[in-house]
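Observations on the model geometry
This is what each chain is made of:
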Amino acid sequence: MTPSPVVRILGIDPGLRITGFGVIETGPRGLAYIASGRVRSPDTGGLPERLKVLLSGLQEVIAVHQPANVAIEKVFVNVNPQSTLALGQARGAAICAAVLANLPVAEYTALQIKKAVVGRGHAEKTQVQEMIRRLLGLAGAPGADASDALACAICHAHAAQAASALPAGGYRVRAGRVTL
């Protein structure tokens, strides 16, 4: 069996004001932290200017860290439709940054991400931050936006690992379960 290659993954937690990003590598030695942070759009200016800042900021992150894959959190529906729409537009800018760099984009719900990292889909933010700290061997817990983005990247790493463990062409899905 050949060892799995090292793959760099960019996780994105989209937001119109602040978009978190986290870069990890996954390979034979497990998960490794590379970088994390946030792209902040100006509080002044119109929507197009704010989206431009998010797009160019994420393009810079992609250029610097050279990920092979991008994972982004899916939009959830808020009580406030304006907030949902704004979040969707920020997601669109983030997806465009990845697509313009010819990177594949995977999308995960908040429940999927929390379950992959904490083991519970309704985990608290502090639990996610602590698990990120432990899984990546960090000295301290990252900020909320960076933590959510790193969690998204880890979710993608786990999903890719699970998919690669399936035999080629030797499985089927029945009643929502994979059978070999």
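For the structure itself, look to the data block above.
**Here we look at the pairing of strand S3 (residues 30–40)**
In the sheet, strand S2 (residues 18–27) pairs with S3 via ten bridges, with the strands oriented antiparallel. Of the residues in S3, the one forming a bridge with Gly-20 is Arg-38.

**Some details on unusual backbone geometry**
The phi torsion at Gln-66 lies on the positive side, around 50 degrees, for a residue other than glycine. As for its position among the elements, Gln-66 is in the loop between helix H1 (47–65) and strand S4 (69–73). Overall, Gln-66 belongs to the exposed group, its relative accessible area being 57%.

**Examining the pattern of salt bridges**
Counted under the stated rule, the structure contains seven salt bridges. Residues Arg-8 and Glu-25 are paired through a salt bridge, measuring 2.7 Å at the closest nitrogen-oxygen approach. Note that Arg-8 is positioned in strand S1 (residues 7–13) and Glu-25 in strand S2, a separation of 17 residues in sequence. Look at Arg-8 and you get partly exposed, because its relative accessible area is 22%. Here Glu-25 falls in the partly exposed class, since its relative accessible area comes to 22%.

**Some points on the packing of H1 against helix H2 (residues 81–100)**
The contact between H1 and H2 brings their axes to 9 Å, and the two run at 35 degrees. Considering the relative orientation of H1 and H2, their crossing is right-handed. For the pair formed by H1 and H2, the contact residues are Leu-47, Leu-51, Leu-54, Leu-55, Leu-58, Gln-59 and Ile-62 on the first element and Gln-89, Ala-90, Ala-93, Ala-94, Cys-96, Ala-97, Ala-98 and Leu-100 on the second. When its residues are assigned to classes, the contact of H1 with H2 shows 13 nonpolar, two polar and no charged.

Quick notes on the rules
Residues numbered from 1 in each chain as written. Predicted model: local features only at pLDDT ≥ 70, side-chain atom pairs only at ≥ 80, totals over all residues. Heavy atoms only, no water. Pairing = 2+ DSSP bridges. Helix = DSSP H or I, 4+ residues; strand = E, 2+ residues; numbered from the N terminus. Buried < 20%, exposed > 50% of the residue type's maximum accessible area, 1.4 Å probe, protein only. Salt bridge = Lys/Arg side-chain N within 4 Å of Asp/Glu carboxyl O. Axes fitted to C-alpha atoms, helices over the stretch in contact; angles between N-to-C directions. Left-handed = near helix turned anticlockwise from the far one by under 90°. Contact = heavy atoms within 4.5 Å. Nonpolar A, V, L, I, M, F, W, Y, C, P; charged D, E, K, R; others polar.

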